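Chain by chain, the residues:
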Amino acid sequence: MPVRDTLARIDADLAVGRVPVARQRLRGLVSSFPNDLMLRRRLAEVYRLYGEPAEAGRWMYLEQDRDAAETSAFEARYHTAPQRMRALAWQGPESLARTAFAREQLAAVRAACSDAMGRPVDWDTEPSGEKAASRGSAFADFLAGAGCLVAVLAFLAIWVNGLVALFD
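The rules we used
- Residues numbered from 1 in each chain as written.
- Predicted model: local features only at pLDDT ≥ 70, side-chain atom pairs only at ≥ 80, totals over all residues.
- Heavy atoms only, no water.
- Helix = DSSP H or I, 4+ residues; strand = E, 2+ residues; numbered from the N terminus.
- Contact = heavy atoms within 4.5 Å.
- Areas by Shrake-Rupley, 256 points an atom, 1.4 Å probe, with all protein chains shown as cover.
- Buried < 20%, exposed > 50% of the residue type's maximum accessible area, 1.4 Å probe, protein only.
- Patch = residues over 30% accessible without salt bridge, like charges linked within 9 Å, V, L, I, M, F, W, Y side chains within 5 Å.
- Salt bridge = Lys/Arg side-chain N within 4 Å of Asp/Glu carboxyl O.
- Lys, Arg positive; Asp, Glu negative; His and termini not counted.
- Core = buried A, V, L, I, M, F, W, Y, C linked by side-chain atoms within 4.5 Å.

S.K.: Talk me through the overall build of the protein chain; I want residue IDs and the actual numbers.
M.R.: Helix and strand content of the protein chain: 8 helices and 0 strands. Along the first, second and third principal axes, the C-alpha set of the protein chain runs to 80 × 45 × 30 Å. Expressed as a percentage of contacts within the protein chain between residues at least 6 apart in sequence, the contacts between residues at least 24 apart total 46%. Counting every atom, the protein chain has about 10100 Å² of accessible surface; 59% of that belongs to carbon and sulfur.

See the structure below:
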């Protein structure tokens, strides 16, 4: 379905109060066209209807006329550069942005993410979790594996006990 038709459906949904449906349609459009600043602005407007300043700030982050309170709410929810980079969901180089302000914002977020990750990153490779999170993740993976091993051994012990009881 062309973008124009989907936008007409979104307008119709909003006119009759179907805000969740309009939001879902806009999320789909932004997912399909992540570099379209107009679609991001429309999605921010819908999140304002929900009373979600952090999400409105997320989708208005690349606009010069953004609301400072929404931007602060976004930055508080996504407090690290890698989290912000993932949340912005941009694709391709910053040069695809239509405004100089958006290009500057994208470059600043990417540079901060590169500093945080300790390596260069770009918008087409989603940054993985931060270094501290990966250490905790390795321990959690070990615990999960150990728990599975204990569960398998308990199952085998019960099965062997049942087999022995069957032949007694």
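The structure having been displayed, the exposition proceeds.
S.K.: Describe the environment of R25, with residues and values.
M.R.: Checked against the element boundaries, R25 lands in helix 2 (residues 19-32). You can call R25 partly exposed: its relative accessible area is 28%. Measuring from C-alpha to C-alpha, the distance between R25 and F139 comes to 40 Å, with 114 residues separating the pair along the chain. Sequence-distant contacts of R25, defined by excluding residues within four places in its chain, comprise T6, R9, I10 and D13.

S.K.: Talk me through the side chain of S114; I want residue IDs and the actual numbers.
M.R.: Locating S114 in the fold gives a position in helix 7 (residues 100-117). Residue contacts for S114: discarding those within four places in its chain leaves R119, P120 and V121.

S.K.: Residue-level account of the environment of R66, with values.
M.R.: Looking at the element boundaries, R66 is found in the loop between helix 4 (53-60) and helix 5 (68-77). Overall, R66 belongs to the partly exposed group, its relative accessible area being 23%. Sequence-wise, R66 and R23 are 43 residues apart; in three dimensions their C-alpha atoms are separated by 19 Å. Beyond its immediate stretch of four places on either side in the chain, R66 contacts M60, Y61, T71, F101 and Q105.

S.K.: A description of a nonpolar patch on the surface should follow, citing residues and the corresponding values.
M.R.: Side chains of L149, V152, L153, F155, L156, W159, V160, L163, V164, L166 and F167 sit close together on the surface and give an oily, nonpolar patch of about 1200 Å² of accessible area. Tracing the backbone shows V164 in helix 8 (residues 131-167).

S.K.: Tell me what's going on with the side chain of R40, and back it up with residues and numbers.
M.R.: Mapped onto the fold, R40 is located in helix 3 (residues 37-50). Notably, R40 is buried but unbridged: the nearest opposite-charge side chain belongs to D36, and the N-O separation is 7.7 Å. Sequence-distant contacts of R40, defined by excluding residues within four places in its chain, comprise V30, P34, W59, L62, L88, A89 and W90.

S.K.: Any details on the pattern of salt bridges? Residues and values, ideally.
M.R.: A full pass over the atoms with the stated rule returns 11 salt bridges. One salt bridge connects R41 with D65, and the closest N-O pair in it is separated by 2.8 Å. Highlighted residues: R41 in helix 3 and D65 in the loop between helix 4 and helix 5, separated in sequence by 24 residues. Several salt bridges converge on common partners, so that one network encompasses E52, E55, R58 and R77.

S.K.: Residue-level account of the nonpolar core, with values.
M.R.: Inside soluble globular proteins, nonpolar side chains tend to come together where they are buried. Counting residues in each nonpolar core, the largest one holds 18 residues, and the members touching the most others are L62, W90 and W123. Looking at this core, the elements with two or more residues in it are helix 6 (81-88) and helix 7. Ranked by residue count, the leading element in this core is helix 7, at 5 residues. Those residues in contact with W90 that sit more than four places away from it in its chain are P34, N35, L37, R40, L62, L96, A97, L106 and W123. Of all hydrophobic cores here, the second largest spans 15 residues; its members include I10, V19, L29 and V30.

It is worth stressing that arrangement in space is one thing and function is another; only the former is reported here.
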